[in-house]
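The chain contents come next:
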Amino acid sequence: MSAPTDRKFLGRLSLPERRYIADALRTETVGGVLLLLAAVVALVWANSPLSASYESVSDFHIGPAALGLDLSVQHWAADGLLAVFFFVAGIELKRELVAGELRDPRAAALPVVAALCGMAAPALVYALVNAIGDGSMDGWAVPTATDIAFALAVLAVIGTSLPSALRAFLLTLAVVDDLFAILIIAIFFTSDLDFAALGGAVAGLVVFWLLLRKGVRGWYVYVPLALVVWGLMYNSGVHATIAGVAMGLMLRCTTREGEEHSPGERIEHLVRPVSAGLAVPLFALFSAGVSVSGGAIRDVFTQPVTLGVVLGLVVGKAIGIFGGTWLTARFTRAELNPDLSWPDVFAVASLAGIGFTVSLLIGELAFAGDAVLTDEVKAAVLTGSLIAAVIASILLKLRVRKYQALCADEERDDDHDGIPDIYEQDNPEYHLRMAEIYEKKAAEHRERAQLAGASRDGTDRPA
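Please read all numbers here as calculations on a predicted model, not as lab measurements.

### Some remarks on the overall build of the protein
Moving on, step 1. Scanning the protein for helices and strands turns up 17 helices and four strands.
Moving on, step 2. Seen through its C-alpha atoms, the protein measures out along the principal axes to roughly 100 × 60 × 60 Å.
Moving on, step 3. The 463 residues of the protein split such that 48% are buried.
Moving on, step 4. In the protein, of all internal contacts separated by at least 6 residues, the share reaching a separation of at least 24 is 78%.
Moving on, step 5. Total accessible area on the protein is roughly 22400 Å²; 64% of this is exposed by carbon and sulfur atoms.

What follows is the structure, encoded as structure tokens:
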């Protein structure tokens, strides 16, 4: 008789995985709040009497022209700073593949299929809207991306702490989403290749890989090399952020004997705050500044390109991720965690409709020759992300008490040993410690009962 194939979906994470997720998302949450602030500043600045200065700063060119790097500030933010973001994404992807949720093909199938459906459905929604409305198909990739930092910032603002399994599912979705966004950028937005520069970039990546394998250490070796690789990649015609991803994927993310953390995890710990706290907010500052007026907002819902982006993010993402998850769980017989329900999955799928950073980047690439349409697409991304955030907030708030109770159970540490009690139910030493704690409490209560009885007997006596 064959073994049962049923598996738990959104079950409890291992303790090391839970700690890693908590640390990673804590930084992303702070970065997400900064991202929100940067987007608000950009919108206020671009729609204030100082809007001309916003354009001047964004279009100001700086950099060595002889190296092909005389770029505008906005260009530096999109191609330069986002390379740091994609470097961290590369490390995340490598870690997920070798030590995280994606290392087991059976366990990885569900989030991978969910992410793929969550990218295909928005693209199809966009294509359908533009086929009916006779719009441009160039922006099909704009609504396919999820912004994990923005999503976490929304959670922080509305005060909802998701259980670790849902947070891990959201992070895994975002990691797979980033991978396919990278492939989309590399395949569909690469033109006029300079094979000499591309060969130089590849040679630089090989040197980077060899240095890592030889165990060479020192930021003064890798940072200059990374800058050279980035510059060559930019001049090759391939989007420069691909260099960041490639270098992130080369880092070792498994521990060896005597190591508490792998090199990839150590470097990610150092670079993630720079990405979340500096690179992404600055990109938002110089990309989110679009004109907002009654007419502009009306145009978002009346033009096929912008309407396709909004519906792709709000409708396509939710239906794609939820539908892909439900179908995969149905056909693989993966049993949902009994503490959660399918509406929880739909709420997270709605939250994934926030597609800020990478969607803005793809929008700039897709309509690079049309400044007006680029700004309209940016406005559509902001509108769609806002609507998705509001819908997800409402859905998550309906379950906030349940989430708070689950999070409290995950955090409870009654024996004060630094390990949540839920992970020690099979440890005899834990139960002995708890028995000792309860015995001490019982002794204290017996003593208090005796004192209370003596006090009452004393006061009840007649004068």
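From this point, the discussion proceeds with the structure in view.
### Some points on helix H7 (residues 195–213)
Moving on, step 1. Between the first and last C-alpha of H7 there are 27 Å, a value that for 19 residues agrees with the 27 Å anticipated at 1.5 Å per step.
Moving on, step 2. Considered for burial, the residues of H7 that qualify are Ala197, Leu198, Ala201, Gly204, Leu205 and Phe208. Looking straight down H7, one finds that the buried residues subtend no more than 120° of arc, so they occupy a single side. In H7, those exposed residues whose orientation departs by more than 90 degrees from the buried face are Phe195 and Ala196.
Moving on, step 3. Considering only its buried residues, H7 is in contact with helix H8 (219–236) and helix H9 (241–250).
Moving on, step 4. At the N-terminal boundary of H7, the capping side chain belongs to Asp194, with an oxygen 3.1 Å from the backbone nitrogen of Ala196.

### Quick look at helix H4 (residues 105–133)
Moving on, step 1. If you check H4, its first and last C-alpha atoms are 41 Å apart, about what 29 residues at 1.5 Å a residue would give, namely 42 Å.
Moving on, step 2. Two residues or fewer after H4 comes Asp134, characterised by a positive phi angle close to 55°.

### Quick look at the nonpolar core
Moving on, step 1. With 116 residues, the main nonpolar core has Leu10, Phe86, Phe169, Leu351 and Phe356 as its most contacted residues.
Moving on, step 2. The greatest single-element share of this core, amounting to 14 residues, is contributed by helix H6 (residues 164–188).
Moving on, step 3. Here Leu351 is in contact with Ala151, Val154, Leu155, Leu170, Ala392 and Leu396, once residues within four sequence places are set aside.
Moving on, step 4. Listed in part, the six residues of the second largest apolar core include Ala83, Trp230, Tyr234 and Ala240.

### Looking at the pattern of salt bridges
It is possible for side chains bearing opposite charge to pair when their charged atoms get close.
Moving on, step 1. One pass over the structure, following the stated rule, counts eleven salt bridges.
Moving on, step 2. Linking Arg252 and Glu259 is a salt bridge whose minimum nitrogen-to-oxygen distance equals 3.0 Å.
Moving on, step 3. The class of Glu259 is partly exposed, set by a relative accessible area of 23%.
Moving on, step 4. Two residues, Arg399 and Asp344, come together in a salt bridge whose shortest N-O distance is 2.8 Å. One end of the pair, Arg399, is in the loop between helix H15 (371–397) and helix H16 (400–411); the other, Asp344, is in helix H13 (residues 342–351), with 55 residues separating them in the sequence.

### Describing the side chain of Lys317
Moving on, step 1. Residue position: Lys317 is located in helix H12 (residues 304–332).
Moving on, step 2. A relative accessible area of 0% places Lys317 in the buried class.
Moving on, step 3. Within the local environment of Lys317, its side chain forms a polar contact with the side chain of Thr146, the two groups lying 3.2 Å apart.
Moving on, step 4. Engagement of the side chain of Lys317 in a polar contact is seen with the side chain of Asp177, the distance being 2.7 Å.

### Points about the packing of aromatic side chains
Here a ring pair, both rings aromatic, is described through the centre-centre distance and the interplanar angle of the planes.
Moving on, step 1. Enumeration over the complete set of coordinates arrives at ten aromatic pairs.
Moving on, step 2. Their ring planes at 75° and their centres at 6.1 Å tell us that Trp219 and Tyr220 sit as a pair that is edge-to-face.
Moving on, step 3. Assessed through its relative accessible area of 64%, Trp219 is described here as exposed.
Moving on, step 4. Accessibility expressed as a relative area gives 56% for Tyr220, which makes it exposed.

### Quick look at the packing of H12 against H15
Moving on, step 1. Following both chains from N to C, one finds H12 and H15 inclined at 25°, their axes separated by 8 Å at the closest point. Relative to H15, the element H12 lies roughly parallel. Crossing geometry of H12 relative to H15 is assigned as right-handed. In this structure, H12 uses Val305, Thr306, Val309, Val310, Leu313 and Val314 to contact H15, whose residues at the interface are Leu373, Glu376, Val377, Ala380, Val381, Thr383, Gly384, Ser385, Ile387, Ala388 and Ile391.
Moving on, step 2. Residue classes in the contact of H12 with H15 are distributed as twelve nonpolar, four polar and one charged.

Rules used in this analysis
- Residues numbered from 1 in each chain as written.
- Predicted model: local features only at pLDDT ≥ 70, side-chain atom pairs only at ≥ 80, totals over all residues.
- Heavy atoms only, no water.
- Helix = DSSP H or I, 4+ residues; strand = E, 2+ residues; numbered from the N terminus.
- Buried < 20%, exposed > 50% of the residue type's maximum accessible area, 1.4 Å probe, protein only.
- Contact = heavy atoms within 4.5 Å.
- Areas by Shrake-Rupley, 256 points an atom, 1.4 Å probe, with all protein chains shown as cover.
- Expected span 1.5 Å × (residues − 1).
- Arc of directions from axis to C-beta.
- Polar contact = N/O pair within 3.5 Å; in protein donor to acceptor, adjacent residues only side chain to side chain.
- Core = buried A, V, L, I, M, F, W, Y, C linked by side-chain atoms within 4.5 Å.
- Salt bridge = Lys/Arg side-chain N within 4 Å of Asp/Glu carboxyl O.
- Phe/Tyr/Trp six-rings, centres within 6.5 Å; stacked < 30°, edge-to-face > 60°.
- Axes fitted to C-alpha atoms, helices over the stretch in contact; angles between N-to-C directions.
- Parallel < 35°, antiparallel > 145°, perpendicular 65-115°, else oblique.
- Left-handed = near helix turned anticlockwise from the far one by under 90°.
- Nonpolar A, V, L, I, M, F, W, Y, C, P; charged D, E, K, R; others polar.

Everything listed here is a matter of coordinates, which is why it stays silent on function.
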